[in-house]
Amino acid sequence: MSRSVGVVVPAYRPDVDRLSRYVRDLDERLAPAELRIELDDPGPGDREALADLPATVHVADRRRGKGAAITEGFDALGTDVLAFADADGSTPADSIADVIDPVLSGAFDLAAGSRRHPESEIQSHQKTLRRFLGDAFAWLARQLLDPDLHDYQCGAKAVSANFWSRLRRHLTESGFAWDIELLAIAGALGGKITEVPVVWEDQPESTVDPVSDTLSMFTGLLTARHRAKAVRGDRLHELLAARNDRPPLIERGGQ
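On a predicted model such as this, the values are computed, not experimentally measured, just so you know. (Residues numbered from 1 in each chain as written. Predicted model: local features only at pLDDT ≥ 70, side-chain atom pairs only at ≥ 80, totals over all residues. Heavy atoms only, no water.)

1. Things to note about the nonpolar core
Residues F74, W164, L167, W178 and I180 are the most contacted members of the largest nonpolar core, which totals 35 residues. Mapped onto this core, the elements with two or more residues apiece are α3 (66-76), β4 (81-85), β5 (110-114), α5 (128-144), α6 (161-167), α7 (178-188) and α8 (212-231). The element contributing the most residues to this core is α7, with eight residues. For W178, the contacting residues outside a window of four places in its chain are G67, I70, T71, F74, F84, W164, L171, E173 and L249. By size, the runner-up hydrophobic cluster in this structure holds 33 residues, among which are L26, A85, I100 and A111. (Core = buried A, V, L, I, M, F, W, Y, C linked by side-chain atoms within 4.5 Å. Buried < 20%, exposed > 50% of the residue type's maximum accessible area, 1.4 Å probe, protein only. Helix = DSSP H or I, 4+ residues; strand = E, 2+ residues; numbered from the N terminus. Contact = heavy atoms within 4.5 Å.)

Here it is as structure tokens:
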């Protein structure tokens, strides 16, 4: 029996024309059973402009954050495989298909797209500062976390619905650090993870701030390491988590 695929595209104040082209590309290439846009704090006319797309558009009138939007979107899907793709279209639909395939086949619980994999194809590079900070973040993440990857933050990942049911109750990060927490917890739960090289093109209009958001992700990395240790049963980190950690996203209504 074939397995079904659902795709979530988290979008905060997107370039509507670019998002529309990307969603149509995803629909044509993947033919997903469900395609869902999680639209945060839309600008005037954005809802109407996206209404004719082959996707469900769920609108939040506030900025929930990338992690909260994807979590809510994943929980709304009823498919065997859950995937997300960033709204700027940096990772083309063919590469999203490559990321989904290892999970769709049943060989892996989670697949992470990678811009920094030696076999990735970079069509246009980030500016020097963003690339330096990203490389430093990836190096540090490899030292601190179980999953040994080249890239932890690429906006393309897929997970089986069964494994998601185990992951979701441990996730607390609502923003860009959600990716790193997802991978840290997946490693702590013993999930089978693979890294997939992608074609990638930098979008300079991204809503990621190269300094403040990167600093937030470094903080998020330390939090993810702590959360992973607690999930693995480290007594000290379990006690710290019970006293200080935020409730899971699913208990905060995705906020």
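Back to the text.
2. A short note on the sheet that holds β5
Taking strand neighbours across the sheet as the criterion, the seven strands line up as β3-β2-β1-β4-β7-β5-β8 in an open arrangement whose pairing is mixed. At either margin of the open sheet sits one strand with a lone partner, and together these are β3 (56-60) and β8 (193-197). Each strand of the sheet is rotated relative to its neighbour by a mean of 20 degrees, with strand direction disregarded. Alignment of β5 against strand β7 (residues 156-160), held across three bridges, turns out to be antiparallel. (Pairing = 2+ DSSP bridges. Axes fitted to C-alpha atoms, helices over the stretch in contact; angles between N-to-C directions.)

3. Thoughts on the packing of aromatic side chains
The final tally for this structure, using the stated rule, is five aromatic pairs. With a centroid separation of 6.4 Å and 70 degrees between ring planes, the pair formed by F74 and W178 is classed as edge-to-face. Placement of F74 in helix α3 and of W178 in helix α7 is noted, with a sequence separation of 104 residues between them. Classification of W178 as buried rests on a relative accessible area of 0%. Between F137 and F218, the aromatic rings sit 5.3 Å apart at their centres with planes inclined by 70 degrees, giving edge-to-face as the arrangement. Here F137, found in helix α5, pairs with F218, found in helix α8; they are 81 residues apart in sequence, far enough to count as distant. Classification of F137 as buried rests on a relative accessible area of 4%. Of the residues examined, F218 reaches a relative accessible area of 21% and is grouped as partly exposed. Following the ring pairs from residue to residue traces out a cluster consisting of F74, F84, W164 and W178. (Phe/Tyr/Trp six-rings, centres within 6.5 Å; stacked < 30°, edge-to-face > 60°.)

4. A short note on unusual backbone geometry
One non-glycine residue with positive phi stands out, namely R13, at about 45 degrees. Residue placement: R13 occurs in the loop between β1 (5-12) and α1 (16-30). If you check the backbone angles, A31 has positive phi at about 45 degrees while not being a glycine. As for its placement among the helices and strands, A31 is situated in the loop between α1 and β2 (34-40).

5. A closer look at α1
Taking 1.5 Å per residue, 15 residues should reach 21 Å; α1 reaches 21 Å between its end C-alpha atoms and fits that length. What α1 keeps buried is the set V16, R18, L19, S20, Y22, V23, L26 and L30. On its buried face, α1 sits against β1, β2, α2 (46-50), β4 and α4 (93-104). The N-cap of α1, judged by a side-chain oxygen 3.2 Å from the amide nitrogen of D17 a few residues on, is D15. Count one or two residues on from α1 and you reach A31, which has phi positive near 45 degrees. (Expected span 1.5 Å × (residues − 1). Polar contact = N/O pair within 3.5 Å; in protein donor to acceptor, adjacent residues only side chain to side chain.)

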